[in-house]
Amino acid sequence: MKDISRNLTMLCDFYELTMSNGYFQNGMKDKTVYFDVFYRKNPDGGGYAIAAGLEQIIEYVRDLHFDQDDIEFLRSKNIFNEEFLEYLKNFRFTGDMWAVPEGTIVFPGEPIMIVRSNAIEAQFIETFVLLTFNHQSLIATKASRIVRAANGRPVSEFGSRRAHGADAAMLGARAAYIGGVASSACTISDELYGVPAGGTMAHSWVQMFDDEYTAFKTYCEIYPENATLLVDTYNVLKSGIPNAIKAFKEVLLPRGIKKCGIRIDSGDVTYLTRKARKMLDDAGFTECRIVVSNSLDEYLIRDMLLQGAKIDAFGVGERLITAKSDPVFGAVYKLAAVEDENGNIIPKIKVSENAAKITTPHFKKIYRLYSNESAMAEADLICLHDEKIDTDKPLEIFDPEHTWKRRVMEDYTANELLVPIFVAGELVYELPTLEQIRNRCAVSLGSMWEEVLRFENPHNYYVDLSENLWTLKNQMLNKKRNVK
């Protein structure tokens, strides 16, 4: 295989190249276009999702370029115009971009990113933008559900070895941290992104010694301040916990250390943790933490706790890092408008027999409406880009499909969700730290009603269109359908 540098500009669908070549030859390369990034349904039938991945998209856009090797590769395909290939030598992103900051709660149908640029630049970034938003938003959302099921108990992400490749492991750990996990087993994610990494032992450590007790005693001697022992290599209740207690007493107590832990990775966890808790407490180790792992997800965690399991922390692997129960986020990248030669914005709409695939036209903005009385989010309102909300006046909002469902908002606050990221190709957004993103996620979740956050049959959070946008959309639909 040819040794190539990791220039991610070429991580695109081939049709992005053929269309761009066509735009170039057809005199449309400088035509200004608007694309929306949005998704159509929440993962796992839930009531919300978490936007993640913006930082990696920014890094990609800032480095957008074609190396000479890339151009020679395209030339070898014998389908691209030579002038187009010459144009690619000085290619970079010169457009505008708005996005919802990472960690923000988002909902189906609303733009989480808007790109305004010439047609070729906008077309080129489609694949990377989508794969990044789709992956990290999916994992952040799954992590949030799992963390909420744990009900205040820390969750560690354990899934690197089951992730779909190296980037999925590293960026999955980052996204999971945004979603609320306390740490990750993925060491490089700590080095690169600051996701706290941690871990203790595998079953192989226990098997390397002649007996289980010696394995535990040796580990406690090496790591007395972080002694969490894996007790299910042989038999949890008959050997694992008794040997752990013996090691704790002989190694930790003489040093005045009572902080310790056990981990159970198999068996009937609810039963085993109840028995283990009693054995540890009876031995005087009331501060010993019980950690459990083994193919967990939000439903298993919730059920174990409801059944009385005595668990202090969770390690969650494959069902988190792969979002196994619903592994496709489904964000899409759709043309919403173009500009004519005079700079007028001409709205565009995609019509489908499937109502869910009909797009919302024009250059837009989103307001999140909060009740001043409760400080809770009540609805999102998608508006035309030049519309402004006067919060001193009542605002009537309505369901875009069932327009008779209406509500008048009074005593409310309206915050814009989309913020400028690039202006004329220059980055104008100050990148937050990962801790700031994680905190934004927690605050954003805290502003949502519990009915929106529940796992089954959540309340349908309102995402409405302004009167002007709703009218425009329906006029365009009627025209496309030849309805007078």
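Each remark here, short or long, concerns the structure printed above.
Computed from a predicted model, the values in this text were never measured in an experiment.

Caption draft 1: Summary view of the pairing of strand 3 (residues 96-99). With burial as the criterion, each face of strand 3 is covered, one bearing Asp96 and Trp98 and the other bearing Met97 and Ala99. Where strand 3 meets strand 5 (residues 113-118), four bridges bridge the pair, whose relative direction is antiparallel. Pairing of alanine 99 across the sheet is with methionine 113, part of strand 5. As paired elements, strand 3 and strand 19 (residues 419-423) share three bridges and run antiparallel to each other. By the bridge assignment, methionine 97 is partnered in strand 19 with phenylalanine 422.

Caption draft 2: Up close: the packing of aromatic side chains. Scanning all chains against the criterion turns up 22 aromatic pairs. Where phenylalanine 80 meets phenylalanine 84, the ring centres are 6.1 Å apart and the plane angle is 35°; that geometry is what we call tilted. Residue phenylalanine 80 is classed as buried on the basis of its relative accessible area, which comes to 10%. Aromatic side chains phenylalanine 84 and tyrosine 87 sit 6.3 Å apart centroid to centroid with 25° between the ring planes, which places their arrangement in the stacked category. Remark: tyrosine 87 and phenylalanine 84 occur in helix 4 (residues 82-88); sequence separation between them is three residues, near one turn of the helix. Residue classification places phenylalanine 84 among the buried residues on the basis of a relative accessible area of 0%. Here the aromatic cluster, defined as three or more aromatic residues joined through ring pairs, consists of Phe14, Phe24, Phe66, Phe80, Phe84, Tyr87, Phe91 and Phe124. Sitting above the plane of the phenylalanine 398 ring, arginine 406 keeps its charged end 4.4 Å from the centroid.

Caption draft 3: Representation of the sheet that holds strand 6 (residues 155-157) within the structure. Spatially, the six strands line up as an open sheet ordered 7-6-11-10-9-8, and their pairing is parallel. The sheet terminates laterally at strand 7 (183-184) and strand 8 (228-230), the two strands that pair on one side only. Note that strand 8 and strand 9 (residues 261-264) share three bridges and pair parallel. Paired with threonine 228 across the bridge in strand 9 is glycine 261.

Caption draft 4: Representation of unusual backbone geometry. With a phi close to 45°, alanine 323 is a non-glycine residue in the positive phi region. On the secondary structure map, alanine 323 appears in the loop between helix 14 (318-321) and strand 12 (332-339). Non-glycine residue histidine 362 carries a positive phi angle of around 85°. For histidine 362, the location among the structural elements is in the loop between strand 13 (345-347) and strand 14 (364-371).

Caption draft 5: Just the packing of helix 7 (residues 166-178) against helix 15 (residues 434-446), in detail. In the contact formed by helix 7 and helix 15, the axes pass within 8 Å of each other and the chain directions differ by 50°. Accordingly, the angle class assigned to the pair helix 7 and helix 15 is oblique. Along its contact with helix 7, which presents Arg174, Tyr177 and Ile178, the element helix 15 presents Leu434, Glu435, Ile437, Arg438 and Cys441. When its residues are assigned to classes, the contact of helix 7 with helix 15 shows five nonpolar, no polar and three charged.

Caption draft 6: A look at the nonpolar core. One finds Met113, Phe248, Ile262 and Phe314 to be the most contacted residues of the largest nonpolar core, which totals 136 residues. Once you skip the residues sitting within four places of it in the chain, phenylalanine 314 turns out to touch Ala150, Arg153, Pro154, Val155, Ser156, Val291, Val292, Leu296, Ile301, Met304 and Leu305.

Caption draft 7: Quick peek at the pattern of salt bridges. In this structure the tally under the stated criterion is 29 salt bridges. The salt bridge involving lysine 89 is made with glutamate 86; its shortest N-O contact spans 3.1 Å. Glutamate 86 gets classed as partly exposed once you look at its relative accessible area, which sits at 37%. Where glutamate 378 meets arginine 407, a salt bridge forms, and the shortest distance between an N and an O atom there is 3.1 Å. Of this pair, glutamate 378 sits in strand 15 (residues 377-384) while arginine 407 sits in strand 17 (residues 406-409), and the two are 29 residues apart along the sequence. With a relative accessible area of 33%, arginine 407 lands in the partly exposed category.

Rules used in this analysis
- Residues numbered from 1 in each chain as written.
- Predicted model: local features only at pLDDT ≥ 70, side-chain atom pairs only at ≥ 80, totals over all residues.
- Heavy atoms only, no water.
- Buried < 20%, exposed > 50% of the residue type's maximum accessible area, 1.4 Å probe, protein only.
- Helix = DSSP H or I, 4+ residues; strand = E, 2+ residues; numbered from the N terminus.
- Pairing = 2+ DSSP bridges.
- Phe/Tyr/Trp six-rings, centres within 6.5 Å; stacked < 30°, edge-to-face > 60°.
- Lys NZ or Arg CZ within 6 Å of the ring centre and 35° of its normal.
- Axes fitted to C-alpha atoms, helices over the stretch in contact; angles between N-to-C directions.
- Parallel < 35°, antiparallel > 145°, perpendicular 65-115°, else oblique.
- Contact = heavy atoms within 4.5 Å.
- Nonpolar A, V, L, I, M, F, W, Y, C, P; charged D, E, K, R; others polar.
- Core = buried A, V, L, I, M, F, W, Y, C linked by side-chain atoms within 4.5 Å.
- Salt bridge = Lys/Arg side-chain N within 4 Å of Asp/Glu carboxyl O.

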